[in-house]
Amino acid sequence: MPTLDSEAIVTGLLAAAQLTVSPQEKATFVKDYPLMRSNADALYLAELEFVEPAVTFDPTVYYPA
Amino acid sequence: MSTDLSMNSSAADAASHSHKFLTIADAAAALRDGSITSVALTADIVEKATALNPALGAYVTITGDAALAQAAAADVAFAAGNDFGPLQGIPLAIKDIIAMKGAGTTANSRVLDPAWGAGTDAPVVARLRAAGSVFVGKSTTSEFALGMPDASKGFPVPHNPWDVERTPAGSSSGTGIAVAAGLALGGLGTDTGGSVRGPACVNGHTGLKVTFGRVPKSGVVPLAFSLDSIGPMARSAYDCALLLEVMAGYDASDPNAADVEVPKYSELLNGDIDGLKIGLPIPYFFDHDQLEPEVRDAVLSGVQQLVGMGATSKEMALPYAAEAKDANMLILGAEAYAYHRNNLVNRWEDYGNLTRPTLARGAFYTAADYAQASRFRSMWSAEVAKAFEHYDVLITPSAPSPAQLVKDMDPSQRLVQPSYTGHWNLTGLPAVAIPSGFTASGLPLSMQIIGKPFAEATVLKVADALQRVTNWHLLHPPVETLYATAA
């Protein structure tokens, strides 16, 4: 896998989220981001190919009897 | 209930007993035999809570006058022969993210609109009020049930009553402290990833995370919509049963509330666990290199006691346990970020310095990550359900270590430390944390008992069976020494 440029990614994500953080806070995000990303990536398991998510949408609840 | 007072450390031996640390069941009996009045009990607790709050930070607001009025009404009702059940006249703590008439809700945050929930009771609070309970006040919470204390924001900083240099855990810190220190006989917490069980664990009492939907969660400031639950916290499992049978039940104001019959939980706790099948998920939950041996040994000792009462236990495995912890964090982070996004953009500095970075992490996940974590949630729930084909309960440690020193805590740790609680928010299952002993240095240890959906009666029954032959849950911290600190 390519090495993440955490500094650039976090800078971009914070800008997109319109968050203005301190340099210390940004440094912590930069440090933590690779582990956050790898933890999220680890959930893209091959076994989940045919699994439905545990969220449901019921259109009928908006039409009370 | 009988106890043989078995204990495993000199520190615990030194812990004192006091009639001031009544269980709800004991207090209910005393109120009915006339040996105590609710006014006397409440006045004592309000006085103690007020005196110790500077040292322990258990309450954001102590509603002393209103509590005494409720207590007086309870005593009048007793005198008139009106008995509304075991919670009548019992002083309780209400976590300060739950709406309660007569006291504002802050979520321990400058961000929450002071008008939020004003003048209303959440359904769960209304049920407790109708049952004649007394509300000592609004108990401290981690900011929005997520952050860590930031003294600069003007809210009480909670401290562990067993060692004030250590964390009382969160987010239901105040109710945990109050129960441990005798500043309430029980109370309400909320649990999204372990926020009832964590404080119960490190403060040395009992805390139940209920099945998702078991207790209506309307009237609560949300943390993560699909994971949140309101649970009882008290000294004993029996007391939690008394609370839950009032708290539980359908309410149309919560779209996730379950219309499932509410048993009389307390009547099902008979100490009989003969034939109970216990699963011990060894990988991750018992063999993690960050699990402290004292924690593991105390849990296994408790399991052996249950086996001695007729249960059987078997080592087993739950695949994907490490991923389940991360999926819970991701879903929690994404849902919490959605709720807070606008305020994070506009009022970043108003959040606590350890709350805002935790919330902001939700911005680093993609929409696909959230959907994928929800797919994982389906698979994990199915894996756990398969395990429950063979077992009545699963037992794990409640946490990998006893209470940490506050000075050593760091929000980034949550990414790398194992956690044993969020797994059951992901599945929506009931799980109770109960004391399992003490460390050699005198800190509470805890074990967790997990059951099938709506099997609160089962997990409480197992917990109660163990509490009939141990007294860990009855020991209390040496709060007498804290009066000097408070002064």
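Preceding this section is the structure that the text describes.
Residues numbered from 1 in each chain as written. Chains lettered and ligands numbered in written order. Predicted model: local features only at pLDDT ≥ 70, side-chain atom pairs only at ≥ 80, totals over all residues. Heavy atoms only, no water.

## Structural notes on a nonpolar patch on the surface
There is a patch of nonpolar side chains on the surface, built from A:Phe57, A:Val61, A:Tyr62 and A:Tyr63 and spanning about 560 Å² of accessible area. Note that A:Val61 resides in the segment after helix 2 (23–41). (Patch = residues over 30% accessible without salt bridge, like charges linked within 9 Å, V, L, I, M, F, W, Y side chains within 5 Å. Areas by Shrake-Rupley, 256 points an atom, 1.4 Å probe, with all protein chains shown as cover. Salt bridge = Lys/Arg side-chain N within 4 Å of Asp/Glu carboxyl O. Helix = DSSP H or I, 4+ residues; strand = E, 2+ residues; numbered from the N terminus.)

## Side note on the layout of surface pockets
By volume, the second largest pocket is sized at about 750 Å³. A:Ala54, A:Thr56, B:Phe212, B:Ser226 and B:Asn256 are, among the 25 residues lining the second largest pocket, the residues nearest its centre. Sorting the residues of the lining of the second largest pocket by element identifies helix 12 (367–387) and helix 14 (422–427) of chain B as the ones contributing at least two each. For the lining of the second largest pocket, the residue count by class is 15 nonpolar, seven polar and three charged. (1 Å grid on protein atoms, 1.4 Å probe; cavity = no way out; pocket = protein on both sides within 12 Å on 5 of 7 lines; lining within 4 Å. Points joined across faces, edges and corners; volume = space filled by probe spheres on them. Nonpolar A, V, L, I, M, F, W, Y, C, P; charged D, E, K, R; others polar.)

## So, the nonpolar core
Residues and elements named next belong to chain B. Ile98, Phe376, Trp380, Ile395 and Trp424 are the most contacted members of the largest nonpolar core, which totals 146 residues. Considering each element in turn, this core owes the most residues, nine residues, to helix 10 (residues 321–346). In this structure Ile395 touches Ile278, Gly279, Leu280, Pro281, Phe286, Val299, Val303, Leu306, Met447, Gln448 and Ile449, once residues within four positions along its chain are discounted. (Core = buried A, V, L, I, M, F, W, Y, C linked by side-chain atoms within 4.5 Å. Buried < 20%, exposed > 50% of the residue type's maximum accessible area, 1.4 Å probe, protein only. Contact = heavy atoms within 4.5 Å.)

## Some details on the interface of chain B and chain A
Accessible area lost when the parts come together is the quantity often used to give the size of an interface. With 34 residues of chain B in contact, the opposing surface of chain A contributes 32 residues. Across the chain B/chain A interface, buried area totals approximately 2800 Å², and carbon plus sulfur atoms make up 65% of it. Inspection of the chain B/chain A interface yields three salt bridges. Note that A:Arg37 is salt-bridged to B:Asp369, the shortest N-O span being 2.8 Å. Where chain B meets chain A, there are 17 residue pairs in polar contact (both at pLDDT 80 or more). Residue assignment for the side of chain B that touches chain A shows that the elements contributing at least two residues are helix 10, helix 11 (356–360), helix 12 and helix 13 (413–416) of chain B. At twelve residues, the largest contribution of residues to the side of chain B that touches chain A is made by helix 12 of chain B. Of the residues that constitute the side of chain B that touches chain A, the class distribution is 20 nonpolar, six polar and eight charged. (Buried area = accessible area lost by both parts, 1.4 Å probe. Polar contact = N/O pair within 3.5 Å; in protein donor to acceptor, adjacent residues only side chain to side chain.)

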